[in-house]
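Structural overview
Chain by chain, the residues run as shown.
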Amino acid sequence: MNARPLMRLRLTTAATEEIGPTPHGMLSIFPITGGSFEGERLRGIVLGGADWVTAAADGTRELDLRVTLETDDSALIHMTFAGVLDDANHYFRTLPRFETAAPKYAFLNRLLAVGIGEAHRDGPVHTIEEIL
Amino acid sequence: MNTRLLMTLRVTVATPQSIGAVPHGTRRTVPITGGDFEGPRLRGSVLPGGSADWLLLRADGVLELDLRATLRTDDGGLISMRSFGLRHGPPDVIEALARGEAVDPAAYYFRTTPRFETAHPAHAFLNHLITVASGDRRNEGPIYTIHELL
């Protein structure tokens, strides 16, 4: 499979809301308070959102993120991803999707992407590539 | 992006059910009647019950695919597969596909992101994989080459 860089996304998070054991596993909500993104075709800031993280019995966590991005020319982009975080195997991968009404960024509506995540002390960093 | 081949999946399809114009676009459901899959670590067949692809043609001309299928491995494991995908391309290419002509899959964008669930211990690695697939739309049904994201 071929891919090309789309953006590097840095997220800042607030204190985790621990919902606890639910029928699907241990649910934690990570509020996203801000951040930034940068790539050749777009850059800007993260307005906010959250990541709903459910830990399975085997310790693997399933991610379900929603955030709003604002580009440096004031377009709004709705971004979501599903993902997997498996600390034991250093596997932190996501499937971002985008929706926007801004014609300049309409290419985002037409692509599938993958993200490689890294946990940093001040929040996760995702390197996102477009699947060609 | 580092990947490795997970499987090649061929599904066979029945006559589509044209639901028609719905609030988010034009909806069409394509029943899956069977098929097979083969890769270095698993192989087997596609079960017809509950397998279909729910298609939505959006106003911007992009076709959204929402496939669900049950796979049975040759050692008796059942795997539930779901994949979201997108298909789009130049109008003449999409029209040729609609007419049932053979089209080089490089001429259009047909990508999906399969996820898997299984209770079978030998295939439990599938539960936590992020995968990407490229599709080749054929008249008898699509062929997906699925790669695991490493």
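Okay, so let's go over this structure. Computed from a predicted structure; not experimentally measured.

This next bit is on the overall build of chain B. If you tally the helices and strands in chain B, you get one helix and nine strands. When its helices and strands are written in sequence order, chain B yields β-β-β-β-β-β-α-β-β-β. A compact globule built from 150 residues should have a C-alpha radius of gyration of about 15 Å, and chain B, at 15 Å, falls within 12% of that. Along the first, second and third principal axes, the C-alpha set of chain B runs to 45 × 35 × 30 Å. The buried share of chain B, taken over its 150 residues, is 49%. Here the contacts in chain B between residues at least 6 apart in sequence split such that 53% fall between residues at least 24 apart. Here chain B contributes 16 positive and 16 negative side-chain charges, whose respective centroids are spaced 3 Å apart.

Now for the interface of chain A and chain B. At the junction of the two partners, chain A supplies 22 residues and chain B supplies 26 residues. Both sides together, the interface formed by chain A and chain B hides about 2,200 Å², and carbon and sulfur atoms give 60% of it. Broken down residue by residue, the surface that chain A buries against chain B is led by Met1(A), Arg110(A) and Leu112(A), which jointly contribute 35%. On the surface where chain A and chain B come into contact, there are two salt bridges.

Here we come to the nonpolar core. In globular proteins that are soluble, nonpolar side chains generally tend to be buried together. Ranked by size, the top nonpolar core spans 68 residues in total, and within it Leu69(A), Phe98(A), Leu9(B) and Leu71(B) carry the most contacts. Sequence-distant contacts of Leu9(B), defined by excluding residues within four places in its chain, comprise Asp36(B), Phe37(B), Val46(B), Leu71(B), Met81(B), Pro142(B), Ile143(B), Tyr144(B) and Ile146(B).

Moving on, we come to the layout of surface pockets. The volume enclosed by the largest pocket comes to roughly 1,300 Å³. If you go around the largest pocket, you meet 33 residues; those closest to its centre are Glu62(A), Leu63(A), Ala82(A), Arg82(B) and Arg115(B). Elements with a minimum of two residues in the lining of the largest pocket: β4 (43–55), β5 (61–71), β6 (76–86) and β7 (91–100) of chain A together with β5 (63–73), β6 (78–88) and β7 (109–118) of chain B. Among the residues making up the lining of the largest pocket, the classes are represented as 15 nonpolar, eight polar and ten charged. Counted as a void, the second largest pocket has a volume near 350 Å³. Every residue lining the second largest pocket is counted, 20 residues in all, and those nearest its centre are Phe30(A), Leu85(A), Phe92(A), Ala119(A) and Pro124(A). Elements supplying a minimum of two residues to the lining of the second largest pocket: β1 (3–13), β3 (25–38), β4, β5 and β6 of chain A.

Attention now moves to the pattern of salt bridges. Using the criterion set out here, one finds 18 salt bridges over all chains in the structure. In this structure, Glu130(A) engages Arg41(A) in a salt bridge whose closest nitrogen and oxygen atoms are separated by 2.9 Å. Here Arg41(A) lies in the loop between β3 and β4 and Glu130(A) lies in strand β9 (residues 125–131), a separation of 89 residues in the sequence. Among the salt bridges present, the one from Arg43(B) reaches Glu38(B), with a minimum N-O distance of 3.5 Å.

Attention now moves to the packing of aromatic side chains. Each aromatic ring pair is specified by the distance between its two centres and by the angle formed by the two planes. Within the structure shown, the criterion is met by two aromatic pairs over all chains. Seen in terms of ring centroids, Phe110(B) and Tyr144(B) are 5.5 Å apart; in terms of plane orientation they differ by 75°. Their pairing is edge-to-face. Here Phe110(B), found in strand β7, pairs with Tyr144(B), found in strand β9 (residues 143–149); they are 34 residues apart in sequence, far enough to count as distant. Among the residues examined, Phe110(B) registers a relative accessible area of 1% and is labelled buried. Ring pairing ties together the aromatic residues Tyr108(B), Phe110(B) and Tyr144(B), which thus form one cluster. A cation over a ring is seen here: Arg97(A) above Phe84(B), with NZ or CZ 3.4 Å from the ring centre. Directly above the aromatic system of Phe110(B) lies the positively charged group of Arg87(B), at a separation of 5.3 Å from the ring centroid.

Calculation notes
Residues numbered from 1 in each chain as written. Chains lettered and ligands numbered in written order. Predicted model: local features only at pLDDT ≥ 70, side-chain atom pairs only at ≥ 80, totals over all residues. Heavy atoms only, no water. Helix = DSSP H or I, 4+ residues; strand = E, 2+ residues; numbered from the N terminus. Rg over C-alpha atoms; globule rule 2.2 N^0.38 Å. Buried < 20%, exposed > 50% of the residue type's maximum accessible area, 1.4 Å probe, protein only. Contact = heavy atoms within 4.5 Å. Lys, Arg positive; Asp, Glu negative; His and termini not counted. Charge placed at Lys NZ, Arg CZ, Asp CG, Glu CD. Buried area = accessible area lost by both parts, 1.4 Å probe. Salt bridge = Lys/Arg side-chain N within 4 Å of Asp/Glu carboxyl O. Core = buried A, V, L, I, M, F, W, Y, C linked by side-chain atoms within 4.5 Å. 1 Å grid on protein atoms, 1.4 Å probe; cavity = no way out; pocket = protein on both sides within 12 Å on 5 of 7 lines; lining within 4 Å. Points joined across faces, edges and corners; volume = space filled by probe spheres on them. Nonpolar A, V, L, I, M, F, W, Y, C, P; charged D, E, K, R; others polar. Phe/Tyr/Trp six-rings, centres within 6.5 Å; stacked < 30°, edge-to-face > 60°. Lys NZ or Arg CZ within 6 Å of the ring centre and 35° of its normal.

Purely geometric numbers; function is a separate question.
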